[in-house]
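Observations on chain architecture
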Amino acid sequence: MQALNMSDVFLMGLLGLLVGSFLNVVIHRLPKMMEMRWAAECAELHRPHERAADEALPEPATFNLMVPRSRCPQCGHPIRWFENIPIISYIVLRGRCSHCTASISLRYPLVELLCGALFAWCGWKWGATWEALAWCVFSASVITLACIDWDTTLLPDDITLPLLWAGLCAAGLGLIDTDLPHAVWGAVAGYMSLWLVYWAFKLVTGKEGMGYGDFKLFAAFGAWFGWQALIPVILMASVIGAVMGIAIKFMGQLREGGYVPFGPFLAIAGLTAMIFGPTAILAFIGL
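Below or above, wherever it landed, is the structure these notes cover. All values derive from a computational prediction rather than experimental measurement.

Thresholds, definitions, all that
- Residues numbered from 1 in each chain as written.
- Predicted model: local features only at pLDDT ≥ 70, side-chain atom pairs only at ≥ 80, totals over all residues.
- Heavy atoms only, no water.
- Helix = DSSP H or I, 4+ residues; strand = E, 2+ residues; numbered from the N terminus.
- Buried < 20%, exposed > 50% of the residue type's maximum accessible area, 1.4 Å probe, protein only.
- Contact = heavy atoms within 4.5 Å.
- Areas by Shrake-Rupley, 256 points an atom, 1.4 Å probe, with all protein chains shown as cover.
- Phe/Tyr/Trp six-rings, centres within 6.5 Å; stacked < 30°, edge-to-face > 60°.
- Lys NZ or Arg CZ within 6 Å of the ring centre and 35° of its normal.
- Core = buried A, V, L, I, M, F, W, Y, C linked by side-chain atoms within 4.5 Å.
- Salt bridge = Lys/Arg side-chain N within 4 Å of Asp/Glu carboxyl O.

**Topic: the overall build of the protein**
On a plain count of helices and strands, the protein comes out with 10 helices and 0 strands. Starting at the N terminus and ending at the C terminus, the protein contains elements arranged as α-α-α-α-α-α-α-α-α-α. Relative to its full complement of 287 residues, the protein shows a buried share of 40%. Across the protein, the fraction of contacts at a sequence separation of at least 24, relative to all contacts at a separation of at least 6, is 71%. Split by element, the accessible area of the protein, about 16,500 Å² in all, is 68% carbon and sulfur.

In structure tokens, the structure reads:
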């Protein structure tokens, strides 16, 4: 661990708040971008081959992580820069749109606060180093995946696959404690273990118990932590998922189809492994 430098902690925490504000945009827009891409692909496949070139479908309006400008989903009011300051704007606006007074989800400042806290923790543990930056990337990616999966039951390849490769590259470059052989076998074991569970469950029940995104996320954790961490991480995720699933069912809040996404619980276990270490997870769940 580097010598504690409070300026590093403060600056990285501030960076985390700013990144957290951007993560809110990614969480909201990336699933919509995926849906638009799928719709465009379907339209292209179903377009009659004889359609003339000048009768091609019109180009959709630009929609990505930067364009258009963020707006209130209720009234369309453009969000000005001083209304988009992490945490502070939410407090000043009292959690409401300045134009129509519609309520703003509490998750926005919570994502910013969580990202800022995790970045600050990385600065506290590793200082202003490449290792700290690597784990900041890990933290931001996992937060984003957890929120998207909770909202949509999707874990986008746009994030899971770069996270997997980032873990392998960080291990190969010596930026994290995991060495490259352990990272490679961790990625293999992470993917294959859940892939086997998926097919065993499907053969027995005829149902799909999880999605392929879970395999990729677990493979990414294997790349970042090594194969030795996989059992503690999956045990913690399973315990939390079971407890939360029972609670949600008891409260009658199960979504249509009875699905509870597994990604958020994997994310909690992954962040716990980053902060306390994989072996601490076993003690946490009493093993």
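**Details of the packing of aromatic side chains**
Scanning all chains against the criterion turns up 16 aromatic pairs. An aromatic cluster is defined as three or more aromatic residues linked by ring pairs; in this entry it consists of Trp-121, Trp-126, Trp-135, Phe-138, Phe-221, Trp-224 and Phe-225. Taking the ring centre of Phe-63 as reference, the NZ or CZ of Arg-29 above it sits at 5.4 Å.

**What about the nonpolar core?**
Soluble globular proteins tend to bury their nonpolar side chains together. In this structure, Cys-122, Trp-135, Phe-138, Phe-221, Phe-225, Leu-266 and Met-274 are the most contacted members of the largest nonpolar core, which totals 63 residues. Of all the secondary-structure elements, those providing two or more residues to this core are α1 (6-46), α3 (107-126), α4 (130-152), α5 (157-172), α6 (180-205), α7 (212-225), α8 (230-250) and α9 (263-276). The element that contributes the greatest number of residues to this core is α4, accounting for 12 residues. Leaving out residues up to four positions away in the same chain, Phe-138 has contacts with Leu-163, Phe-221, Trp-224, Phe-225, Gly-270, Leu-271 and Met-274.

**Thoughts on the pattern of salt bridges**
Inspection of the entire model under this criterion finds 5 salt bridges. With a shortest N-O distance of 3.7 Å, Asp-158 and Arg-37 are connected by a salt bridge. Of this pair, Asp-158 sits in helix α5 while Arg-37 sits in helix α1, placing them 121 residues apart in sequence. Residue Asp-158 is classed as partly exposed on the basis of its relative accessible area, which comes to 41%. With relative accessibility at 35%, the residue Arg-37 sits in the partly exposed group. Glu-208 is the partner of Lys-202 in a salt bridge, and the nearest nitrogen-oxygen pair spans 3.5 Å. We classify Glu-208 as partly exposed; its relative accessible area is 45%.

Honestly, that's just the spatial picture; any functional story needs more than this.
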